[in-house]
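The primary structure of each chain is shown beneath.
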Amino acid sequence: MTATEPQVLIVGAGPAGLAAAVTAARHGAQVLVVDEQARPGGQIWRRPDPDAGGPDPLAGPAYDAGRALLARAAAHPGITFAHDTTAWGVFGTHTTPDGFAAPPGTPVPEGPRVAVHGPGGVEILLPRALLLTAGAYDLPVPVPGWTLPGFFTVGGIQALLKGHRTLAGRRIVLAGAHPLLLIAAAQLVRAGADVAEVAFAQGLPGPTELTRALAALPGNRAKVAEGLAAVRTLRQAGVPIHTHTLLLRADGEEHVTTAVLAGVDRNWRPVPGTERTIACDTVGTGYGFVPSTELARQAGCEATWNGPAGGWVLVHDHAMRTTLPHIWAAGELTGIAGAEHAVAAGKRAALDICRSLGLLDGAAHARELPSVERELAATTRMARLLEHTCAPDRAALNALAEDDTLLCRCEEVTYGQIRRTLRDNPGLGTADAVKLLSRAGMGPCQGRMCGPALVELLHEETHIPREALGPFTARPPIKPLPVAALAAAHDAGTHEPPNPAGPETPR
Ligand SMILES: Cc1cc2nc3c(=O)[nH]c(=O)nc-3n(C[C@H](O)[C@H](O)[C@H](O)COP(=O)(O)OP(=O)(O)OC[C@H]3O[C@@H](n4cnc5c(N)ncnc54)[C@H](O)[C@@H]3O)c2cc1C
């Protein structure tokens, strides 16, 4: 393996990427793992610089597996980590240099070219196999007041706590529909925060859900135990947990000072007369996650709409191969299913990659497969259960925004402006078309914040199915990149202009 020609390149050092790296390295693969964070661990196993001292956010039995995997990955000589390194484009699949789809008949290259930007500048990596494990991010839900300082997603609050040992605020209201609210609330209580309330929009599980939960228990006891322990912590601290309760808005002049909640019916519609106001300086919402498919879609991998699994998810086969040769995917970007599923899928992808690279013969592959398949099956049962009980009611959430609520915070486009754009242009039928006319999605986050909300608004206004509205087209660079870094790489000759990579692509 050379620095720029890793045998296996993994984008993302979360549970899926780490499990894949350890499995592939165990079978002799030389693996390079790039991650834009300073340390491996992804979202769930995020932690501050261990040398800085202080309590480890990954202490306790819920993180035993994570700590063990992190240690194995760090110790394996076949695995190299590139931290603070962002993969911002994949070329030479069937995209042209500017990220547009190449015409049919373009020769399939021998492998992708992956453009990364890290401490050493811009580089083009030429892996023989590329595994995308870019994970997910919190589903942003715009409500009045959501752009006020002090308004977070629950994952953001948790990232501050885990990654920087910092409390997002003093008195915190958490609201949404995802069990991460309970986990984060318990972590906040243990760290000394005053959690004023945890509010769930849905009701308590009924007999059907409980039966399904029992069926999902085998293989997922640790997950359930973590949830129960969190509830216990909150009860002991006297934190109220309400169901059938929705956050309507946050108020404040220059910072959040109150959260307004209301009781809701089974369809998450507010019940008149149930509004109440809670004094707080911080609000965190947790309605689930959005798969980070941008890099894969920019490369040309096919994605499909699956609302309960997070929205646009990558199409893949039983061995985690995407629709493009040489590119595999595992973890949340194939559908939100939790860390344990990400680990199992990472292993599954790594086995197939090793098989395709000739590192694993048929007999060894067959020997390893059954236990991984069992892990996948068990964790899939839990994922389906969570989809059934916790999927956000997107229509009800869309109804919370008012005309002057910002939808795209980068470009400052409101719900009212989008509605007017639609009224003035009745033929608009895709998210991209609305983006071109309104600028929503054109800012630095490239639609990661507003994309899901825009699709929902368009769906409500036009009745076009969400899957037909499409995600925003993903273009390189998929994340902000200093122009100076590109220029420096070009001047130094380290950055060949990406091209459609025909058969003559250097390997
Ligand atoms: C903010 C947040 C907090 C969460 N906390 C919990 C929790 O406490 N408990 C729980 O059970 N679940 C939690 N989840 C759910 C979580 O996504 C999964 O359970 C698990 O972390 C998924 O593993 P993964 O490997 O698929 O992805 P992730 O853990 O998300 O890892 C993906 C990695 O890819 C990196 N990455 C992404 N794009 C690029 C790129 N272009 N270039 C370089 N690197 C890139 C990211 O920095 C990240 O480290 C959280 C999710 C989020 C978004």
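Residues numbered from 1 in each chain as written. Predicted model: local features only at pLDDT ≥ 70, side-chain atom pairs only at ≥ 80, totals over all residues. Heavy atoms only, no water.

A. Region of interest: the environment of Gly-14. Locating Gly-14 in the fold gives a position in the loop between strand S1 (8-11) and helix H1 (15-26). Put simply, Gly-14 and His-459 are 445 residues apart on the chain and 33 Å apart in space, counted from C-alpha to C-alpha. Setting aside anything within four residues of it in sequence, one finds Gly-14 in contact with Asp-35, Gly-41 and Gly-42. (Helix = DSSP H or I, 4+ residues; strand = E, 2+ residues; numbered from the N terminus. Contact = heavy atoms within 4.5 Å.)

B. The domain arrangement of the protein chain, seen in detail. Each assigned domain of the protein chain is listed here: domain 1 (8-137 + 290-388), domain 2 (154-286) and domain 3 (394-469). The straight-line distance from the C-alpha centre of domain 1 to that of domain 3 is 30 Å. Where domain 1 abuts domain 3, roughly 610 Å² becomes buried across the two surfaces, and 65% of that area is made up of carbon and sulfur atoms. Taken together, domain 1 and domain 3 are joined by one salt bridge. (Domains from an automatic or database assignment. Buried area = accessible area lost by both parts, 1.4 Å probe. Salt bridge = Lys/Arg side-chain N within 4 Å of Asp/Glu carboxyl O.)

C. Structural context of the site of the ligand. In the vicinity of the ligand there are 34 residues, among which Ala-16, Asp-35, Gln-158, Lys-223 and Glu-332 approach most closely. In the environment of the ligand, a nitrogen atom lies 3.1 Å from a nitrogen or oxygen atom belonging to the backbone of Glu-36. Glu-332 is positioned with one of its backbone polar atoms (N or O) 2.9 Å from an oxygen atom of the ligand. Those elements giving two or more residues to the shell around the ligand turn out to be H1, strand S4 (86-91), strand S8 (136-138), helix H3 (154-164) and helix H8 (339-356). Across the shell around the ligand, the residue classes tally to 14 nonpolar, 13 polar and seven charged. Each of domain 1 (8-137 + 290-388) and domain 2 (154-286) accounts for three or more of the residues forming the shell around the ligand. (Near = heavy atom within 4 Å. Polar contact = N/O pair within 3.5 Å; in protein donor to acceptor, adjacent residues only side chain to side chain. Nonpolar A, V, L, I, M, F, W, Y, C, P; charged D, E, K, R; others polar.)

D. Fine view of the nonpolar core. In terms of nonpolar packing, the biggest core is built from 65 residues, with Val-31 and Val-198 touching the most fellow members. Shared between two domains, this core holds at least three residues of each, these being domain 1 (8-137 + 290-388) and domain 2 (154-286). Setting aside chain neighbours within four positions, we find Val-198 in contact with Leu-174, Leu-181, Leu-182, Ala-185, Leu-234, Val-239, Pro-240, Ile-241 and His-242. Phe-151, Val-173, Ile-278 and Ala-396 belong to the second-largest nonpolar core, a separate cluster that totals 32 residues. (Core = buried A, V, L, I, M, F, W, Y, C linked by side-chain atoms within 4.5 Å. Buried < 20%, exposed > 50% of the residue type's maximum accessible area, 1.4 Å probe, protein only.)

E. The arrangement of the state of the cysteines in detail. The full count for this structure, using the stated rule, is zero disulfides. Here Cys-354 is not cross-linked by a disulfide; its sulfur's nearest cysteine counterpart is in Cys-301, at 19 Å. A relative accessible area of 0% places Cys-354 in the buried class. (Disulfide = S-S within 2.5 Å.)

F. Quick peek at the sheet that holds strand S9 (residues 151-153). One open sheet holds the five strands; their spatial order is S9-S16-S10-S11-S12, and the pairing between them is parallel. Taken across any chain shown, the strands that pair with only one partner, and hence form the sheet edges, are S9 and strand S12 (241-242). As defined by bridge partners, strand S11 (residues 194-200) adjoins S12 across two bridges and the pair is classed as parallel. Bridge pairing in S12 places Ala-199 opposite His-242. Those strands touched by helix H4 (residues 180-190) are strand S10 (171-176), S11, S12 and strand S16 (282-286), and its axis lies near 175° from that of S11. (Pairing = 2+ DSSP bridges. Axes fitted to C-alpha atoms, helices over the stretch in contact; angles between N-to-C directions.)

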